[in-house]
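So you can see what is in the structure, the chains are spelled out below.
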Amino acid sequence: MKKLIYVLLFFIAANVNAQNNIDFQKPPKQILDLADVERAPSVLMDESKENMVLLYRDAYKTIAELSQEEMRLGGLRIDPKTNIGSRVSYYNNVKVRRLGAKSDDAIQFKGLPTNPRFSNFVWSPDQSKLAMTNTTAKGVEVWVLDLKTANANKIAEGKVNANLRDVINWFKDGESVLVKFVAEARKELINAKSSIPSGPTISENAGKKAQNRTYQDLLKNKTDEFNFEQLAMSELFKVKLDGSSEKWLSAAMYKSVTFSPDGNYVMISVVEKPFSYLVPYYRFPSKTTIYTKDAKKVEDVLTVPLIEDLPQGFMAVRKGRRSVQWRSDAAASIIYVEALDGGNPETKVDFRDEVFQLEAPFNGNGKSILKTINRFYDIEWGTEKMAIAHDYWWNSRNTKSYIFNPSDASVAPIKIYDRNYQDRYNDPGSFVSKRNKYGKSVLALDGDNAYLLGAGYSKEGQFPFLDKFNLKSKETKRLYQSKYTDKLESLRDFDADKKELLVRIESNNEYPNYFFRKLKNKKLEQITAFENPFKSIEGIHKEVINYKREDGVELSGTLYLPVGYDMEKKERVPMILWAYPTEYKDKASAGQTTSNPNEFTYLYWASPVFWVTRGYAVLDDASFPIVGEGDEEPNDSFRTQLVANAKAAIDAVDDLGYIDRERVACGGHSYGAFMVANLLTHSDLFAAGIARSGAYNRTLTPFGFQSEERNYWEAPKVYYNMSPFMHAEKMKHALLLVHGEADNNSGTYPMQSERYFNALKGLGATVRLVMLPKESHSYRSKENIMHMLWEQDQWLETHVKNKKQVADK
């Protein structure tokens, strides 16, 4: 009987779902002036730090751009007219600065096309040029920027196929590029909406377990298969800088293309059939073949079957060779990895993976050079007899690093780090790299010394550092550590020959800018002078607050007070708490603070900080750890910990005397939206909430979600208890649901918000659902983003700020 009542409720809700369709709106002027500003350019630098390339783009796309024809196939979103991803972010101008020159002015490249849409930037081997694509209304072109002359030249017309990415690869001489072109024999695409089916679509399983996440944009039928093949099919052409070209390889579904370090060989991966309706294209069958630079086949080095049935768990991998790649410090050697546990994380073994090296002509099996205790991650190459390898194991959050001799596997690797990768306070940093004679990234070595750049998080604050690490003695010496307490100095790179750091310095009110810092005298040389585009919130009060959860876990968040807040009068104001839950396996790591009050307050489309201009305090990036120690999984107590995190945050700001705790909203995006729905359902801490692009019914993601490995049938209570949809009758607070109607993120189907809204409406909750047209998981168009900001402002004004205030305390 109870089930019948719920069925009737949903039937009624679906049919009385009143619509309130309106035109796009704009937020109040205080928010609009901050949301619609010109952004500073992105920066590319060559290895010598002689040239800085500045890339400019608009902050948003337009709804017209998002409304262009789009085909969603095999996990891809493709513009079938231009043959490039339909959601690509483009740059619209490029300039270059000569670092060290008398003039600091950026030089405009000459000869750029009108209405440019640039992407896919690739350095030439000597870094004197940059190749890039330009997307026109008819197709994708190839252009080359000459950094010396500041000239731009088109070398290929709009027939490039960028649908499977990896579009441009330079030949070693720097005089030609290998480019994917649309196949001459491509057949006309089928209009799926108007095509007449020749029969049903049938999927079958012969008793194998195939537990996959809920991927989106998958192939659904034979028409999709046909269209995917046509759009993925390309020919490889060798294009010279003068624009002449010759076919290099005939048509195939080319995926990745990489030259050997010496430029004499090319490794090419090709997508093959059969396709799948369960997984994206990168898990379709594939074959990897090595060719000479003259397009002569050498050897097939990898054949991968369709991957639909991996063992369960995040650390599961397929059997056979994987991670086939060039060794970056050798002329032409490949390395690959094979699982020693059959790819099954449940199998107990001493070593999980084995790494092999294979020389030209690449036939047969390679020689073993290393075994890793955890799952292989990567190798940083140093010399013929020294490299550093890293592995990791998600379930324990463990990572290990080893120094090993790639020329002699009989020499036992030396473990240099064995730590929890979520432990940021004890993170030794990342090894500094440099370009070698092949133009590839290798360890930057000075004799027996390597260098490490670290973020420098600690209980006392963030103080980034440069360390020298002796590879023989394993001793570490600190060469430099930032001492700023009113700014943040991020160490971006280190030139071991010049003994010079590239740093970026910023503060709450100072936009991040680049500097050179000499190691010897610590002097700074400013490189860029980007200005703060958010002047109207300059000087707002910003601090990182630290507090504890009731079980002792240390928490933190970045607190912003409203523009013009009187610290002496200390009026209690409404607050927005914005967060995103993170899973941990130990309380110590969960309690570490990585927020820095000296980070520049950078406003972007998803930020809640806009509302400091509207009289709200904002607790942004509030810690929401979900901890499961030992055999306990974090999600076993998800709801309890979620509410405890929220209560601790509100208590902390309330104790400071800043807020009216009866007028607090919570907000989040994606898994943060899931958090919001749970908090409004299972606590009375909030007046209202904003949940964007979330998933609310975990039975619709039955083979795992976020960091949950277990499937629904293994942990039905966990899935049920965590799903706010299952507890919709308990919702007592105002909830604004926002979702992109074209969301492509795994698990967060638009249906999640639609069904949740219907449930809440049918049960009498205060709820509003806003479906943003054409938007995916992250929102892109100016029209939709401005409207979203308006919706959020209206909701907060109605259900939070103007809620009946409690008596003064």
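Since we're looking at a predicted model, the values are computed, not measured.

Student: Just checking my understanding: could you explain the overall build of the chain for this structure?
Tutor: Scanning the chain from N- to C-terminus turns up ten helices and 48 strands. Its C-alpha radius of gyration of 28 Å places the chain within 12% of the 28 Å reference for a compact globule of 809 residues. Along the longest, intermediate and shortest principal axes, the C-alpha atoms of the chain span 80 × 75 × 60 Å. The buried share of the chain, taken over its 809 residues, is 55%. Here the contacts in the chain between residues at least 6 apart in sequence split such that 60% fall between residues at least 24 apart. Just so you have it, the chain exposes about 36200 Å², and 47% of that area is on carbon and sulfur atoms. Averaging the positions of the 111 positive and the 106 negative side-chain charges in the chain gives two centres separated by 1 Å.

Student: What is the right way to read the pattern of salt bridges from this model?
Tutor: A side chain of one charge can pair with a side chain of the opposite charge if their charged atoms are brought near each other. Taken as a whole and judged by the stated rule, the model has 43 salt bridges. In this structure, Lys154 engages Glu157 in a salt bridge whose closest nitrogen and oxygen atoms are separated by 3.2 Å. Residues Glu235 and Lys247 are paired through a salt bridge, measuring 3.3 Å at the closest nitrogen-oxygen approach. One end of the pair, Glu235, is in strand β14 (residues 234-240); the other, Lys247, is in strand β15 (residues 245-259), with twelve residues separating them in the sequence. Residue class for Glu235 comes out buried when judged on its relative accessible area of 7%. Sharing partners across several salt bridges, the network here consists of Arg322, Asp341, Arg352, Asp353 and Arg375.

Student: What exactly am I supposed to notice about the pairing of strand β43 (residues 617-622) here?
Tutor: Walk down a regular strand and you will see the side chains alternate between the two sheet faces. Burial analysis of β43 places five of its six residues in the buried class, the great majority of the element. Two elements, strand β40 (residues 554-560) and β43, share three bridges in a ladder whose sense is antiparallel. Each residue of the ladder has a partner; that of Thr558, found in β43, is Asp620. Alignment of strand β41 (residues 573-579) against β43, held across four bridges, turns out to be parallel. The residue of β43 that forms the bridge with Leu577 is Leu619.

Student: I keep staring at the sheet that holds strand β27 (residues 430-431) and nothing clicks. Help me out?
Tutor: Either a parallel or an antiparallel arrangement is found when strands of a sheet pair, and the pairing is made through backbone hydrogen bonds. The four strands are arranged β27-β30-β33-β34 in an open sheet whose pairing can be described as antiparallel. Among the strands making up the open sheet, the edge pair consists of β27 and β34 (476-481).

Student: Quick question: what am I supposed to make of the side chain of Asn645 here?
Tutor: Tracing the sequence through the fold places Asn645 in helix α6 (residues 638-655). Since its relative accessible area comes to 0%, Asn645 is described here as buried. Excluding anything up to four places from it in sequence, Asn645 contacts Arg549, Leu555, Ser623, Phe624, Pro625 and Ile626.

Student: Even after reading the chapter, I still don't get the side chain of Arg39, so can you show me in this structure?
Tutor: Following the sequence through the fold, Arg39 ends up in the loop between α2 (29-35) and β1 (42-45). Notably, Arg39 is buried but unbridged: the nearest opposite-charge side chain belongs to Asp36, and the N-O separation is 7.4 Å. Side-chain polar atoms of Arg39 contact the side chain of Tyr602, separated by 3.2 Å. Reaching out from Arg39, the side chain makes a polar contact with the backbone oxygen of Leu603 at a distance of 3.1 Å. Other than its neighbours up to four places away in sequence, Arg39 contacts Leu34, Ala59, Tyr60, Phe534, Tyr602, Leu603 and Tyr604.

Student: Would you take a moment to explain the sheet that holds strand β2 (residues 51-56) for this structure?
Tutor: Taken together, four strands build an open sheet; the order of strands is β1-β2-β6-β7 and the sheet is antiparallel. If you trace the sheet from one side to the other, it starts and ends with β1 and β7 (107-108), each paired once. Judged from the six bridges that link them, β2 and strand β6 (residues 93-98) form a sheet pairing that is antiparallel. Along β6, the bridge assignment pairs Tyr56 with Asn93.

Student: How should I be thinking about the environment of Phe24 in this particular structure?
Tutor: Turning to its location among the elements, Phe24 is positioned in the loop between α1 (2-15) and α2. It is 9.2 Å that separates the C-alpha atoms of Phe24 and Trp790, two residues lying 766 residues apart in sequence. Apart from residues no more than four positions distant in its own chain, Phe24 is found in contact with Ile63, Pro773, Glu783, Asn784 and His787.

Student: What is the right way to look at helix α4 (residues 222-232) in this model?
Tutor: Structurally, the α-helix is built with 3.6 residues per turn, so residues lying three or four positions apart point the same way. Burial analysis of α4 places nine of its eleven residues in the buried class, which makes it a mostly covered element. Within α4, the full set of buried residues consists of Thr223, Asp224, Glu225, Asn227, Phe228, Glu229, Gln230, Leu231 and Ala232. The secondary structure elements touched by the buried residues of α4 are β3 (71-73), β4 (76-79), β14, β15 and β16 (265-271).

Student: Explain the confidence of the model for the chain here, please?
Tutor: The predicted model of the chain has a mean per-residue pLDDT of 94, with 96% of residues at 70 or higher. A low-confidence stretch, residues 1-17 (pLDDT under 50), is modelled with 13 contacts involving residues beyond four sequence positions or located in other chains.

Student: Whenever I open this one, the packing of α6 against helix α7 (residues 671-682) confuses me. Can you help?
Tutor: In a pair of packed helices, the angle between the axes and the distance between the axes together describe the arrangement. Running from amino to carboxyl end, α6 crosses α7 at an angle of 85°, the nearest separation of the two axes being 10 Å. The angle between the axes of α6 and α7 places the two elements in the roughly perpendicular class. Taking contact as the criterion, the partners of Phe638, Arg639, Leu642, Val643 and Ala646 in α6 are, on α7, Tyr671, Phe674, Met675, Asn678, Leu679 and His682.

Student: Would you explain the pairing of strand β11 (residues 151-156) in this entry?
Tutor: Of the pairings in the sheet, the one linking strand β10 (residues 140-146) to β11 comprises five bridges and is antiparallel in character. Note on β11: the bridge partner recorded for Asp146 is Asn151. Between β10 and β11, which pair antiparallel in sequence order, lie four residues; one of them, Ala150, sits at a positive phi of approximately 60°.

Student: Help me out: how do you make sense of the packing of aromatic side chains in this one?
Tutor: Both the distance between ring centres and the angle between the ring planes are used here to describe each pair of aromatic rings. Summed over the entire model, instances satisfying the criterion amount to 36 aromatic pairs. Both rings, one in Phe228 and one in Phe284, keep their centres 5.6 Å apart while their planes meet at 80°; by these two values the pair is edge-to-face. Pair noted here: Phe228 is in helix α4 and Phe284 is in the loop between β16 and β17 (286-292), with a separation of 56 residues, a long-range link. An identical accessibility class is assigned to Phe228 and Phe284; each is buried. An angle of 40° between the planes, with centres 6.2 Å apart, marks the rings of Tyr417 and Phe469 as tilted. With Tyr417 in strand β26 (residues 414-420) and Phe469 in strand β33 (residues 465-470), this pair connects stretches of sequence that are 52 residues apart. Overall, Tyr417 belongs to the buried group, its relative accessible area being 16%. Looking at Arg397, its charged tip hangs above the ring of Trp394, at a distance of 4.3 Å from the centre.

Student: It is not clear to me how the nonpolar core should be interpreted in this structure. Could you clarify?
Tutor: In a soluble, globular protein the nonpolar side chains are often hidden away together inside. Ranked by size, the top nonpolar core spans 59 residues in total, and within it Leu619, Phe686, Leu735 and Tyr756 carry the most contacts. Aside from chain neighbours lying at most four places away, what touches Leu619 is Ile545, Tyr547, Gly557, Thr558, Leu559, Met575, Ile576, Leu577, Trp578, Ala649 and Val653. Grouped together as the second largest cluster of nonpolar side chains are 48 residues, Val37, Tyr514, Phe534 and Val770 included.

Student: Got a minute to help me understand the environment of Glu783 in this structure?
Tutor: By secondary structure assignment, the location of Glu783 is in helix α10 (residues 782-801). Through-space distance from the C-alpha of Glu783 to that of Leu772 is 9.5 Å; in sequence the pair is eleven residues apart. Apart from the residues lying within four places of it in its own chain, the contact partners of Glu783 are Phe24, Lys61, Thr62 and Ile63. A distance of 2.9 Å separates a polar atom in the side chain of Glu783 from the backbone nitrogen of Ile63.

Student: Sorry if this is basic, but what is going on with unusual backbone geometry here?
Tutor: Trans is the common state for peptide bonds, and a negative phi is the common state for residues other than glycine. Residue Lys273 is joined to Pro274 through a cis peptide bond whose omega torsion reads 5°. Take Pro274: it is sitting in the loop between β16 and β17. Of the consecutive residues Ala360 and Pro361, the connecting peptide bond is found in the cis state with omega at 10°. Tracing the chain through its elements places Pro361 in the loop between β21 (353-359) and β22 (367-372). Although it is not a glycine, Ser323 sits at a positive phi angle of roughly 50°. Residue placement: Ser323 occurs in strand β19 (residues 321-326). Although it is not a glycine, Lys522 adopts a positive phi angle of roughly 65°. Among the secondary structure elements, Lys522 is positioned in the loop between β37 (513-518) and β38 (524-526).

Rules used throughout
Residues numbered from 1 in each chain as written. Predicted model: local features only at pLDDT ≥ 70, side-chain atom pairs only at ≥ 80, totals over all residues. Heavy atoms only, no water. Helix = DSSP H or I, 4+ residues; strand = E, 2+ residues; numbered from the N terminus. Rg over C-alpha atoms; globule rule 2.2 N^0.38 Å. Buried < 20%, exposed > 50% of the residue type's maximum accessible area, 1.4 Å probe, protein only. Contact = heavy atoms within 4.5 Å. Areas by Shrake-Rupley, 256 points an atom, 1.4 Å probe, with all protein chains shown as cover. Lys, Arg positive; Asp, Glu negative; His and termini not counted. Charge placed at Lys NZ, Arg CZ, Asp CG, Glu CD. Salt bridge = Lys/Arg side-chain N within 4 Å of Asp/Glu carboxyl O. Pairing = 2+ DSSP bridges. Polar contact = N/O pair within 3.5 Å; in protein donor to acceptor, adjacent residues only side chain to side chain. pLDDT = per-residue confidence, 0-100. Axes fitted to C-alpha atoms, helices over the stretch in contact; angles between N-to-C directions. Parallel < 35°, antiparallel > 145°, perpendicular 65-115°, else oblique. Phe/Tyr/Trp six-rings, centres within 6.5 Å; stacked < 30°, edge-to-face > 60°. Lys NZ or Arg CZ within 6 Å of the ring centre and 35° of its normal. Core = buried A, V, L, I, M, F, W, Y, C linked by side-chain atoms within 4.5 Å.

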